[in-house]
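What the coordinates show
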Amino acid sequence: MTDASAPITQDVLTIPRKTSQDGKINLIGLTRVQLRAALIEAGTPEKQAKMREGQIWQWIYIWGVRDFGEMTNLAKSYRALLEERFELRVPEIVSRQVSEDGTRKYLLRIQGGHEVEAVYIPEETRGTLCVSSQVGCTLTCTFCHTGTQKLVRNLTAGEIVGQLLVARDDLGEWPEKGATNTAAARLVSNVVLMGMGEPLYNFDNVRDAMHVVMDGEGLSLSRRRITLSTSGVVPEIAKTAEEIGCLLAVSFHATTDEVRDKLVPINKRWNIETLLNTLRDYPRLSNSERITFEYVMLKGVNDSDEDARRLVRLIRGIPAKINLIPFNEWPNAPYERSDWERIEAFSEIVYKAGYASPVRKPRGEDIMAACGQLKSATERARKSRKEIAAEAGL
Ligand code: SAH
Ligand code: SF4
């Protein structure tokens, strides 16, 4: 378990590269400014660069093109130049599982042979893609499967955006070439950064990726359709409001520092009070309505009536919604899911205090695609049962 006085470091094993083995730069995931700079560097005359940037951007993000040869409004010689210098690489789908409820879990292979997961959750009025931001996670929340995975590297912006592109490929969401209403099909209408990893420990790549995703002449997802979930990396929260402006969810999970220290060890670095003080400013800074407090329901650990009352006292004054997440079990997990009556009683107290308190319906449980169950099965560097129990203080 992490020592309270020791800083929790970003123990990232490998530095992701933007170029592939043959030295080609992947254009996917570059921001517009980066894309233009790359085109100029490759010999595009500066005067033309803005126009070329716009054309290539649309091919990639409106039409879903992955082959420079298909970019028919560019001269053949220019397409050849692009081919020589650049690539359009997305993660490779290793496997796809479809749950009884329609949830799709993708196991994706990225550079270096690492694997991450992305989950598509269709609902009546929207389709949400849950994307990963890291391979594994440096944090060790004791109820989270991803936290038991040792191997960690940050995903590049291209690998984050790539998850969305791959999902759109699989769902057949790209418009027909030449279609006039390109926004008609919106199967992936929302993105949540709630997959593997702590997005705020990979801030720059997450920010760049979200700028690509939000761009109005491309994937065009509004910032209100993107939710970033953090365990509480306090120094990055204001930056998230200012530089991304998306909705924020916080993995709160406990109402005393004693319990939160155990469940979400980053609490030893930034405790409940510090976290809440930072959260108070978020809605104003990001011009969003409210923050989602995620609260995993663990039997006998954090699910008493007293916890519910303490929770509403703590967050008083913060525009909020409380998302109760029944614990999703995983092999050797040191916790159990709270009983339904308990979850309902907890929800009732929160609701009566004036907060929406939806209980998150576990989706894709039959394929281990639910929150906190993500961890590539092929990842061998995993912690033992003993290590997991020790971290949980059991
Ligand atoms: N690292 C970020 C985002 C990924 S986790 C974070 O911690 O917020 C996404 C959500 O799933 C978090 O709220 C997390 O606490 C929750 N979660 C993790 N493991 C879970 C489990 N086994 N059951 C239910 N929710 C879980
Ligand atoms: Fe990492 Fe989030 Fe899991 Fe904690 S809950 S270990 S921060 S992915």
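Our subject in this report is the structure included herewith. (Residues numbered from 1 in each chain as written. Chains lettered and ligands numbered in written order. Predicted model: local features only at pLDDT ≥ 70, side-chain atom pairs only at ≥ 80, totals over all residues. Heavy atoms only, no water.)

1. What about the nonpolar core?
Grouped together as the largest cluster of nonpolar side chains are 104 residues, with contacts concentrated most on F143, M210, L279 and F293. Here this core spans two domains, and each of domain 1 (25-87) and domain 2 (92-392) adds at least three residues to it. (Core = buried A, V, L, I, M, F, W, Y, C linked by side-chain atoms within 4.5 Å. Buried < 20%, exposed > 50% of the residue type's maximum accessible area, 1.4 Å probe, protein only. Domains from an automatic or database assignment.)

2. A closer look at the pairing of strand β4 (residues 104-109)
Both strand β3 (residues 92-98) and β4 contribute to a ladder of six bridges, which runs antiparallel. From the neighbouring strand, E92 faces β4, where its bridge partner is R109. Counting the residues in the hairpin turn of β3 and β4 gives five residues, including G102, whose phi is positive at 95°. Examined bridge by bridge, β4 and strand β5 (residues 115-122) share six bridges and lie antiparallel to one another. Within β5, the position partnered with Y106 by the bridge is A118. Hairpin geometry of β4 and β5 is characterised by an intervening segment of five residues between the two adjacent antiparallel strands and by a positive phi of about 90° at G112. (Pairing = 2+ DSSP bridges. Helix = DSSP H or I, 4+ residues; strand = E, 2+ residues; numbered from the N terminus.)

3. Quick notes on helix α1 (residues 32-41)
Among the residues making up α1, those that are buried are L35, A38 and L39. In an axial view of α1, the angular spread of the buried residues amounts to 100°, which keeps them on one side of the axis. Projecting away from the buried face of α1 at angles above 90 degrees are the exposed residues V33 and E41. Phi for G43, located one or two positions after α1, is positive at around 110°. (Arc of directions from axis to C-beta.)

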